[in-house]
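# Coordinates in review
Letter by letter, the chains look like this.
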Amino acid sequence: MNDLIKKAQQLHSLTLEEIIYLLQQKNNEEELAQAADIIRQKYVGDGIHLRGLIEFSNICRQNCLYCGLRRDNKKIERYRLNDQMIVEMAKKAKNYGYKTVVLQSGEDVFFTAGMLADIVKKIKEMDLAVTLSIGERSFEEYEILKKAGADRFLLRIETTDEKLYDKMDPGMSFINRRRCLADLKKLNYEVGTGCLVGLPGQSMESLANDILFFQQIDADMIGIGPLIPNEDTPLAKVKSGDFSLTRKMVALIRLLLPEANIPATTAMETLQPNARTIILCSGANVVMPNVTEGDYRRKYALYPGKICVADTPEQCRSCMGNKISSIGRYISTDKGFRQRNI
Ligand code: SAM
Ligand code: SF4
Ligand code: FES
């Protein structure tokens, strides 16, 4: 085995230069994936955590260059679910056997922290873990939501290259994004972050720095996805993020953050059928099946070719069950909090 991969497997530590070298090297994808799969098995086991995703609003005040929900996109049909619909979908998620629901939206400030707190409280009564993915808010708002019972928060840093961040997310700032992640940690959320692979102008060095950043902030979850160009955004003409590079990122993250929860992301499967199964065998241990109902899942159009838009939550549940048994793994029956062994 490559000495650096062996080092990563044993010490869970590599220098910036070593990570760059492994990302750049050709023909090491399978070896990295196999090494990561062993570490995944050792630290987080064979159980796969399913988190039911509720996409409750596609209204966003931000204008990220890559995202179909950006405020300047006039082509998208906007929607917002009401609290009853959200709670109803969570109830159904519970009935499909999910132990966690993820409430995701654009940055829709119509939903005040108080309104969201009431929704969180109702869902917590069902004995579900609640993950929020609603973008940037103040410490005080995050605190209200934590007190209401929210367990986790997903906020990708997207890229740790500050200049690139500020270019890709106009009107937002890398500093504030990092402040949000620090506030969430302070408030004892399980904190999920991650990055996009394939942003125009992104270097291998910046991807390697992303991994070191995840280690520095001791991220509990890390979601990595390829950029999928959306026709209705300023990044319409860029290339999709590279599948192999994204897979190598996932594998390296498992080697360097062995206890983290790592999803096999939906965007991967948009690039390649069966990608989530491949990624689950390359270090990942989480999947987020969609439980949003009806036409709303089509309208939550971050990028084209999003999978499952014509499927029902039941179909996604059984589809994932089949995929998971096909690789000899099983659906975890606990809530899937981060385990701490090291
Ligand atoms: N608004 C919240 C935020 O930005 O954190 C949560 C929802 S946002 C739609 C969730 C993630 O979608 C972002 O973190 C971004 O990485 C991803 N995303 C947006 N546009 C994408 C695209 N064109 N291709 C792949 N992923 C994309
Ligand atoms: Fe809004 Fe999030 Fe999309 Fe940025 S990535 S435009 S914040 S939904
Ligand atoms: Fe939705 Fe496969 S996960 S149909």
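None of the values given here were measured: they were computed from a predicted structure. (Residues numbered from 1 in each chain as written. Chains lettered and ligands numbered in written order. Predicted model: local features only at pLDDT ≥ 70, side-chain atom pairs only at ≥ 80, totals over all residues. Heavy atoms only, no water.)

## A few points about the UniProt feature "binding site: S-adenosyl-L-methionine" (unreviewed entry) in the protein chain
Convention followed: UniProt positions are given in the numbering used here, feature names are shortened, and annotations may be inferred rather than shown by experiment. A run of H or I in DSSP counts as a helix once it spans at least four residues, and a run of E counts as a strand once it spans at least two, with each numbered from the N terminus. Classification of residues uses two cut-offs on accessible area relative to the type maximum, computed with a 1.4 Å probe and protein chains only: under 20% is buried, over 50% is exposed, and between them is partly exposed. Should any heavy atoms of two residues lie within 4.5 Å, those residues are counted as being in contact. What qualifies as a polar contact is a pair of N or O atoms within 3.5 Å, subject to a donor-acceptor requirement within protein and to the restriction that residues adjacent in sequence count only when both atoms come from side chains.
According to UniProt, the positions carrying the feature "binding site: S-adenosyl-L-methionine" (unreviewed entry) are E158 and R177. Their sequence span is 20 residues, while the largest C-alpha to C-alpha distance among them is just 9.5 Å; these annotated residues converge on one region. If you trace the backbone, E158 turns up in the loop between β4 (152-154) and α7 (162-168). For E158, a relative accessible area of 11% puts it in the buried group. Contact partners of E158, with chain neighbours within four places excluded, come to Y66, Y165, R177, G194, C195, L196, L199 and D210. There is a polar contact of 3.5 Å between the side chain of E158 and the side chain of R177. Note on placement: R177 falls in helix α8 (residues 174-186). For R177, a relative accessible area of 7% translates into the label buried. Setting aside its immediate chain neighbours within four residues, R177 contacts E107, E136, L155, R156, I157, E158, Y165 and M172.

## Quick notes on the packing of aromatic side chains
Under the convention used in this document: Each Phe, Tyr or Trp ring, with Trp reduced to its six-membered ring, pairs with another whose centre is within 6.5 Å; inter-plane angles below 30 degrees give stacked pairs, above 60 give edge-to-face pairs, and intermediate values give tilted ones. Think of it as a cone above the ring: NZ of Lys or CZ of Arg counts as a charge over the ring if it is within 6 Å of the ring centre and within 35 degrees of the ring normal.
A full pass over the atoms with the stated rule returns eight aromatic pairs. Sitting over the ring of Y189, K146 keeps its end group 5.7 Å from the ring centre. For the cation-ring pair, R152 lies above F337, with the distance from its terminal atom to the ring centre recorded as 4.4 Å.

## Digging into the UniProt feature "binding site: (3R)-3-methyl-D-ornithine" (unreviewed entry) in the protein chain
UniProt tags S133 as "binding site: (3R)-3-methyl-D-ornithine" (unreviewed entry). Turning to its location among the elements, S133 is positioned in strand β3 (residues 129-133).

## Considering helix α10 (residues 243-256)
Threshold: Given the number of residues in a helix, its expected span is that number minus one, multiplied by 1.5 Å.
Helix length check: α10, at 14 residues, gives a terminal C-alpha distance of 20 Å against a target of 20 Å (1.5 Å per residue), a fit within 8%. Most of α10 is tucked away, with 13 of its 14 residues classed as buried. Regarding α10, its N-cap is D242, as a side-chain oxygen of that residue lies 3.2 Å from the backbone nitrogen of S244 further along.

## Examining the site of ligand 2
We count it as follows: We call a residue near a molecule or strand as soon as one heavy atom of that residue lies within 4 Å of the molecule or strand. Polarity classes work like this: nonpolar for Ala, Val, Leu, Ile, Met, Phe, Trp, Tyr, Cys and Pro, charged for Asp, Glu, Lys and Arg, and polar for all others, with Gly in that last group.
Near ligand 2, the surroundings consist of C60, Q62, C64, C67, L69, R70 and G106. Classifying every residue of the shell around ligand 2 by side-chain character gives four nonpolar, two polar and one charged.

## Thoughts on the side chain of N58
Residue position: N58 is located in the loop between β1 (47-57) and α4 (83-95). On the basis of relative accessible area, N58 is assigned to the buried category, the value being 0%. Side-chain polar atoms of N58 contact the backbone oxygen of E77, separated by 3.0 Å. Of note is the side chain of N58, whose polar atom sits 2.9 Å from the backbone oxygen of K299. Those residues in contact with N58 that lie beyond four places of it in its chain are L69, I76, E77, R78, Y79, K299 and Y300.

## Let's talk about the nonpolar core
Where we set the bar: Residue types Ala, Val, Leu, Ile, Met, Phe, Trp, Tyr and Cys, when buried and joined through side-chain atoms within 4.5 Å, form a set referred to as a nonpolar core.
Formed by 104 residues in total, the largest nonpolar core has its most connected members in I54, Y189 and F214. Of all the elements, α10 adds the most residues to this core, at nine residues. Apart from residues no more than four positions distant in its own chain, F214 is found in contact with I157, T193, G194, C195, A219, I222, I224, I253 and L257. One finds L53, V102, L154 and M221 within the second-largest nonpolar core, a separate group that totals five residues.

## Focus on the state of the cysteines
Stated precisely, the cut-off is as follows: Any two cysteine sulfur atoms lying within 2.5 Å of each other are counted as a disulfide.
Counted according to the given criterion, the structure contains zero disulfides. Between C281, a cysteine without a disulfide, and C319, which holds the nearest cysteine sulfur, the sulfur-to-sulfur distance is 15 Å. Classification of C281 by relative accessible area gives partly exposed; the value is 29%.

## A closer look at the site of ligand 1
Worth spelling out the cut-off: Here the open area of atoms and residues is found with the Shrake-Rupley method and a 1.4 Å probe, where only the protein chains shown may cover a residue.
Contacts to ligand 1 come from 18 residues, most closely from Y66, S105, R156, E158 and I228. Taking Y66, its main chain carries an N or O atom lying 3.0 Å from a nitrogen atom of ligand 1. Between ligand 1 and the protein, one listed contact pairs a nitrogen atom with a backbone N or O atom of I228 at 2.8 Å. Out of a free accessible area of 560 Å², ligand 1 has 92% covered by protein chains. Of the residues contributing to the shell around ligand 1, the split by class is ten nonpolar, five polar and three charged.

## Let's talk about unusual backbone geometry
A negative phi angle is the norm for most residues apart from glycine, just as the trans form is the norm for most peptide bonds. For D127, which is not glycine, the phi torsion reads 60° and is therefore positive. You will see that D218, though not glycine, has its phi angle at about 55°, which is positive. Looking at the secondary structure, you find D218 in the loop between α9 (204-216) and β6 (221-226). Taking the relative accessible area as the measure of exposure, D218 reaches 28% and is therefore partly exposed.

## A few points about the environment of I123
Looking at where I123 falls in the secondary structure, it is placed in helix α5 (residues 113-124). Considering only alpha carbons, one finds I123 and E88, 35 residues apart in sequence, at a separation of 9.2 Å.

## Quick word on the pattern of salt bridges
The test is simple: Should a side-chain nitrogen of Lys or Arg be within 4 Å of a carboxyl oxygen of Asp or Glu, the pair is scored as a salt bridge.
Under the definition given, this model contains 32 salt bridges. A salt bridge links D127 to K335, with the shortest nitrogen-to-oxygen separation between them at 2.8 Å. Of this pair, D127 sits in the loop between α5 and β3 while K335 sits in the segment after β8 (330-331), placing them 208 residues apart in sequence. Given the relative accessible area of 47%, D127 is considered partly exposed. When the shortest N-O distance is used, the salt bridge between D295 and R298 registers 2.8 Å. Judged by relative accessible area, which is 39%, D295 ranks as partly exposed. Taken together, the shared-partner salt bridges in this structure form one network comprising K185, D218, D220, E259, R338 and R340.

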